[in-house]
Amino acid sequence: MTEVKQWMSWEGGIDLVAVTSPELQMPNVIVHLGRMVNTPVGNAPSGMIFWQPDPQAAPLVMGFVSTDEKVGAYFGPNIFAGTPFENAPVLKADIRIDITSSSAISTCVVGGITFEVELSDFSEPYLIDRKPSAMPPFYQQGVEIHARKATLKVNGELINIIIPPTGISGGPASVVSPNGVYAR
């Protein structure tokens, strides 16, 4: 029997993957946050932020974000091993998430930059059971709710975004996930 040793679970997840220009082949916006993320090393509001407003320049923010750096440091080598995120830095952040039946709002302040995501126009909740692939290389189970409307503000400025049909998790690129688990 194979033993699961690398896992994380969450409550109150918000996931947005987008581009800021139709010419872009890869996302230059990722806001992937959990109100509470549980790992073998501890529990804390955590996630991942990738913000590269100028695709020709280095990202302004890229890394795992958490209110607890020990929890943030767990994700790269244990969950995202073998991906471009394996060695991503860990960034101390303030994370707030509020989810109601009509909207989900997250605020993440990291490195002096404030990211605000608002998701709405929800589908009915559905169960997911995704097998590992090249990206992402882990099992995914949980509940998702597709958000058909999403807005992003960076430091209070509304950013024009285009949401692709599929995000990095293999499902829709804008979802609320009330709960779930990644495991390897």
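The rules behind each value
- Residue numbers run consecutively from 1 along every chain, following the written order of its sequence.
- Owing to the predicted nature of the model, reporting of local features is limited to residues with pLDDT of at least 70; listing and counting of side-chain atom pairs is limited to 80 or more, with chain, interface and lining totals taken over all residues.
- The basis for every side-chain value is the complete set of heavy atoms in the structure, and neither hydrogens nor water enter the calculation.
- A 1.4 Å probe that fits into a set of points on a 1 Å grid over the protein atoms alone but cannot get out defines a cavity; an open set with protein on both sides within 12 Å along at least five of seven lines defines a pocket, and lining residues are those with an atom within 4 Å of a point.
- Grid points are joined across faces, edges and corners, and a volume is the space filled by probe spheres set on the points.
- Counting from the N terminus, the helices are the DSSP runs of H or I reaching at least four residues and the strands are the DSSP runs of E reaching at least two.
- Only Asp, Glu, Lys and Arg are considered charged in this grouping, and only Ala, Val, Leu, Ile, Met, Phe, Trp, Tyr, Cys and Pro are considered nonpolar; every other residue, Gly among them, is considered polar.

Draft legend 1. Up close: empty space enclosed by the protein. Tallied over the entire structure, the rule returns 2 cavities of 30 Å³ or more. In this structure, the largest cavity encloses a volume near 250 Å³. Contributing to the lining of the largest cavity are 23 residues, with Met 8, Trp 10, His 32, Leu 33 and Tyr 182 lying nearest its centre. At the level of secondary structure, the elements contributing two or more residues to the lining of the largest cavity comprise β1 (7-18), β2 (29-39), β3 (42-51), β8 (126-130), β9 (139-154) and β11 (174-183). At 5 residues, β1 tops the list of elements feeding residues into the lining of the largest cavity. For the lining of the largest cavity, the per-class residue count stands at 12 nonpolar, 8 polar and 3 charged. Approximately 50 Å³ is the volume attributed to the second largest cavity.

Draft legend 2. View of the layout of surface pockets. One number sums up the size of the largest pocket: a volume of about 280 Å³. Residue lining of the largest pocket: 16 residues in total, with Met 26, Pro 27, Ile 30, Phe 85 and Ile 168 positioned closest to the centre. Considered class by class, the residues forming the lining of the largest pocket number 12 nonpolar, 4 polar and no charged.

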